[in-house]
Structure formats: structure tokens, C-alpha cells
Amino acid sequence: MLAQKSVHTWVQRCAYAVRAFSNIRHGDDIVGIDFGTSKSRLAIMDAEVPTLLETESGQAVPSFVAIDDEKKILVGQVANYHAIGYPADSFFNIKTLLGRKFHDSQIQELKTKVPFKIIEGSNSEAWVEACNEQFSPTKLCAFIIDKMKRMAESYLGRSVSKAVIAAPIYFNDAQKKELELAGKIAGLDVLGIVDEPVVAALSSKNIDGGIFAVFSLGGGTFNISILEISAGVVEVKAKESDSSLRGEDFDLVLVEYMVEEIRKVYSVDVSGDRVVMGRLKEAAEKAKLELSSSCETWIDLPYLTGSECGSVHLNITLSVSKFEELVEFLIERIRKLCQKCLEAAHVDEQGIDEVILVGGMARVRQVQHIVEEIFMKSPCMQVNPEEAVAIGALLQGALIIEDRRKLSCHLIPLSLGIETLGGGFARIIDRHSVIPCMASRNIASPMDYPDSLSIRILQGEHQIASRNDLLGELKVTGIPRAPSRCV
Ligand SMILES: Nc1ncnc2c1ncn2[C@@H]1O[C@H](COP(=O)(O)OP(=O)(O)OP(=O)(O)O)[C@@H](O)[C@H]1O
Ligand SMILES: [Mg+2]
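Residues numbered from 1 in each chain as written. Chains lettered and ligands numbered in written order. Predicted model: local features only at pLDDT ≥ 70, side-chain atom pairs only at ≥ 80, totals over all residues.

Quick look at the site of ligand 1
For ligand 1, the set of nearby residues contains 21 residues, the closest of which are Gly36, Gly218, Gly220, Gly247 and Gly360. Within the residue set of the shell around ligand 1, elements represented by two or more residues are helix H9 (247-266) and helix H10 (274-291). With 3 residues, H10 is the single largest residue contributor to the shell around ligand 1. Residue composition of the shell around ligand 1, by class: 3 nonpolar, 11 polar and 7 charged. Each of domain 1 (1-205 + 384-409) and domain 2 (206-381) contributes no fewer than three residues to the shell around ligand 1. (Near = placed C-beta within 6 Å. Helix = DSSP H or I, 4+ residues; strand = E, 2+ residues; numbered from the N terminus. Nonpolar A, V, L, I, M, F, W, Y, C, P; charged D, E, K, R; others polar. Domains from an automatic or database assignment.)

Considering the pairing of strand E19 (residues 416-419)
Sheet topology note: the E19/strand E20 (residues 425-429) ladder contains 4 bridges and is antiparallel. What sits directly across from Ile418, in E20, is Ala426. In this antiparallel pair of consecutive strands, E19 and E20, the connection spans 5 residues, and Gly422 shows a positive phi of 90°. Sheet analysis places E19 next to strand E21 (residues 453-459), joined by 3 bridges and oriented antiparallel. (Pairing = 2+ DSSP bridges.)

Considerations on the domain arrangement of the chain
It is common to report an interface's size as the accessible area lost on association of the parts. As far as domains go, the chain holds domain 1 (1-205 + 384-409), domain 2 (206-381) and domain 3 (416-486). Here domain 1 and domain 2 have C-alpha centroids that lie 23 Å from each other. Of the residues lining the interface, 26 residues belong to domain 1; the matching set on domain 2 comes to 29 residues. When residues of the side of domain 1 that touches domain 2 are traced back to their parent elements, those giving at least two are helix H4 (94-97), helix H8 (196-202) and helix H14 (388-402). Looking at the side of domain 1 that touches domain 2 element by element, the count peaks at 6 residues for H8. In terms of residue class, the side of domain 1 that touches domain 2 is built from 13 nonpolar, 7 polar and 6 charged. (Contact = placed C-beta atoms within 7 Å.)

Here's the deal with H9
An ideal rise of 1.5 Å per residue puts 28 Å on 20 residues; H9 measures up with 29 Å between its terminal C-alpha atoms. Here H9 has its buried residues at Gly247, Phe250, Asp251, Leu254, Val255, Tyr257, Met258, Ile262 and Tyr266. With its buried residues spanning 160° around the axis, H9 presents them on a single face. Residues of H9 that are exposed and point over 90 degrees away from its buried face: Glu260 and Lys264. Each element contacted by the buried residues of H9 is listed here: strand E13 (210-217), H10, strand E16 (296-307), strand E17 (310-319), helix H11 (320-326) and helix H12 (328-345). Phi turns positive one or two residues past the end of H9, at Ser267, with a value near 55°. (Expected span 1.5 Å × (residues − 1). Buried ≥ 20, exposed ≤ 12 C-beta atoms within 10 Å, placed from the backbone. Arc of directions from axis to C-beta.)

Describing the sheet that holds strand E7 (residues 90-91)
One open sheet holds the 3 strands; their spatial order is E6-E5-E7, and the pairing between them is antiparallel. Here the strands that pair on one side only, and so sit at the sheet edges, are strand E6 (73-75) and E7. In this structure, strand E5 (residues 65-67) lies alongside E7, joined through 2 bridges in antiparallel fashion. Looking across to E7, one finds that Val65 is bridged to Phe91. Along the sheet, helix H6 (residues 137-156) makes contact with E5, E6 and E7, crossing E6 at roughly 60°. (Axes fitted to C-alpha atoms, helices over the stretch in contact; angles between N-to-C directions.)

Section: the sheet that holds strand E10 (residues 133-135)
In spatial order, the strands read E8-E9-E10; together these 3 strands make up an open sheet with antiparallel pairing. Taken across any chain shown, the strands that pair with only one partner, and hence form the sheet edges, are strand E8 (117-120) and E10. Direction aside, neighbouring strands of the sheet carry axes that sit 40° apart on average. In the sheet, E8 pairs with strand E9 (residues 126-130) via 4 bridges, with the strands oriented antiparallel. Its bridge partner being in E9, Glu120 is matched across the sheet by Ala126.

Following this line, the structure appears as C-alpha cells:
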């Protein structure tokens, strides 16, 4: 049985949005997929109402894949449980691995933090290994999408063949391609890979037009995007991301606080004890969740370890104000990035028509307060932060199928340019340029009288070419003989 509770609340919330998309025939069964760093969500059109499907336990699907000793693949909650006993055989953070090279600095950092093995796979990509089996992140992602497809089919009682999948706005082309491939491996006809903030804005009642701030803080990355919707076209005016700011960072601050409390009482440092740290981390996330709806919470962790004074227990009351004091520095980082984004968009706070919150962390009161303070507006309460992306992806799919209008115009997600002598990056087409676009820039050849030139074409924002993504190499031959400055 699938949980129905959230379905009913959505019937109300989506009533305005359904109007425009009510002509979907059952034969056009389509799903909207939000493949998250920690949890994945799926939206279906159920009796013409955009509906979020949940697992039997009334939750989103944890983005976990595991392999057991009989080489059986476990997906979702069961894989999450498997991780407790067999951490090396359970994979998570799959979204971070997707479409990345093994030597990428983010992957090398992740390697030191996760209990499973990350290896160099085919084409220098980051793959994972457990029980002598190797998997590409794309394949792992496909397992999760396949599970969600089956959930939809069992709920609807018929097959589902089409999907729109949401991707973070910072994903480059290679990452988006892998996401699309994962959908195809799962047996879906992927109608589009759409930007998460763009589709989140689709869940708003003001979709007809205006300037939107989409604030997203979930399990992976903090993102803020300023969008302008006009005449059915979405333009991304500015976006900022901080890949080192995520929900877990708030938990880790609480863990640090608990370690300090234990040190004060027992003169014991538990920070090197993996089992104790695991228990503290679990308690920290639970406390954070509870403080979203109550003023204080009780952390009670008996028999953590031993000390000279006997067994170590942790019994503390944590108030919202203490929590807010501890995470203030993270909130400041959020504030700075939002202000930077407003400046980049050339929009002042009063120019924002609607603020959309996305991600589980939007439930944290201090996060809501800072958003209100920066954008001088209460966030849109009709949009459920955890559901906006999947529902928006579904609505985008409905629009594609109905072919009424194409809401998101095609933009270049990251700047395009070439590598110059000394490894610099010369930007030629700026990010957010609308496709098709043309640009030219004069760059002198580094040598006199070249017969041919090899031009490395890259995508990214870094001034050093090797920190961007190589798209290909162009060989230009038959160049008329001339000194360097003339070529
Ligand atoms: N009610 C709540 N109060 C506070 N925090 C919450 C609540 N619900 C979820 N979270 C936190 O939100 C984070 C996960 O958010 P979410 O499920 O939106 O991430 P995700 O979609 O998996 O990640 P991403 O979109 O970045 O890829 C976790 O840190 C979780 O602890
Ligand atoms: Mg998400």
C-alpha cells in the first residue's frame, strides 16, 4: 500500500497548476524524477493530479544501492539498512559521483570520506567497487530510477514509459548525459533533463511571470538561482552554488558540540571512535529535524563508551536558540551567497516576486528566517520544499507531451572557451547564453608560421583550463603562412 496522506494535501496545493495540464491521456503516462543526493522522489499524474509517490513506509526513496554476499542488488531503504552492517558494500552520494572523472578533486575528497571503494573506471571515470563487482555511478542511478519506475507502475497498474529528470543547475553536459543514460537503462524514454530550480518554479502559482528566487538546500549542495519567467520562457538571470554547504554540515556542527560536552564531563575524546561518532551523527540529524517543529529537544545516548569515570552517557537538552547560535556561521555563508546572486542578477531584494524553497533543510526555521530577511518576502507556502522538483519535472513533462509551449529555453549552463598558451582558459561564450548563439574572440597563435593548430575546447568557469571540462579538440589545418600575431 502506498501512503496516501501527502497525496491529499497535494490535491489542494496543485489545484491551480493542474488547470493547464489536465489533458494528459493515460497512454501518455509520464513520471517526474528528482534524483537527490540523499533521497530520490517521483511524481506521477494520478487522475489528472500531480502526485508524489512514497514508499510503503511513507517516505522518499533513499539514494542508496548495495550489494549483498549473494551478489543481489539492494536499492533504497533496504540498501540504507544494509549500510549499517556492511558499510563497504553500500553506495551513497551517487549524484556526486555521476559523470565525474576519478582524478577530479571533489572525487578525491569524497574518497576519503565514504566507507566504500571508489576506483578509476572506464574512460578515467569515477566508479565504485564492492564484492569484486564494479559499477559505474550511471548504473547505480539506473537501479534507483528503475525502482521508482516500478513503484509508479505498481501504483498505477500500467506501464510507465516516459520521464523528465531534474538535474542540479550546476551539472555540466557530461553529468546531464549520464543522468539521461541512467533513465534509458531503466527503460524510460527520457523526454528531458531539466534544471532543478527551473522546474521548482513551475510548482508556483505565479508561473505566468515574474522574478523568482529559488533557494535550494538539501543533501548535496546549496544553490540559489534568480529566474525570470516571461511569456512562458524561463531565463536564469544568475545562480550561485556552494558544494561544501549541505544539510549534513548542520549535523556535523551538532556532533562537534556533543563531542565537546562529553569531553567536558568525562575528559574523554570520542572523535576517533567510529561507532560513537556514527551514533552522535544519527542523534544530531534527529535533533535538527525535531528542532524544526519544537523549541527544544532531548538528546539521550546511554553507554556510548567507557572512561576512567565509568560508562559515558550523553543526556542534554538542546534548545532552538543554542542550535541557531551553533550554526550561525553556516547561515552567514548562505546570506553572502544570496547577496552575491542578487548582485549578479542585477536585481534588488524588492525586485523578487516569489521565493521558492527547495530541499529538506528549508524546514529549518533559521533558514526560513534568513531567506525572509534577504529577499524581504515570505517564501511561497504552496510549494512543498521536498516535492517541488519532482512535481515540477512532471509538469514540464506534461508540457512537452502536450507540446503547448516550451517553458525552459535552452541555455548554456557553463561558459565555453579554449585553452591558451600556459594553460589559461579564454572564455568565448558566456554561461547562460541562449542557444543558438555565436561569439568571436581574437586569440593570437603562440608560434610563428604554424601549419596547423590544435584547439582544446572546454566548458567551465575556472581561469585554469585543466580545472574545466574538456569537450574536445579541434585541429585546424591549411593555415596560410604568417607570423604569430597574424594567425
Ligand atoms: N524536517 C526537517 N527539518 C530539518 N532538516 C530536514 C528536515 N527534513 C529533511 N531535512 C534535512 O534535509 C537534508 C536532505 O534534504 P533533501 O532530501 O531535500 O536532499 P536531496 O534532495 O537528497 O539532496 P540534493 O537535492 O542536494 O541532491 C538532510 O540534511 C536532512 O537532514
Ligand atoms: Mg533534492
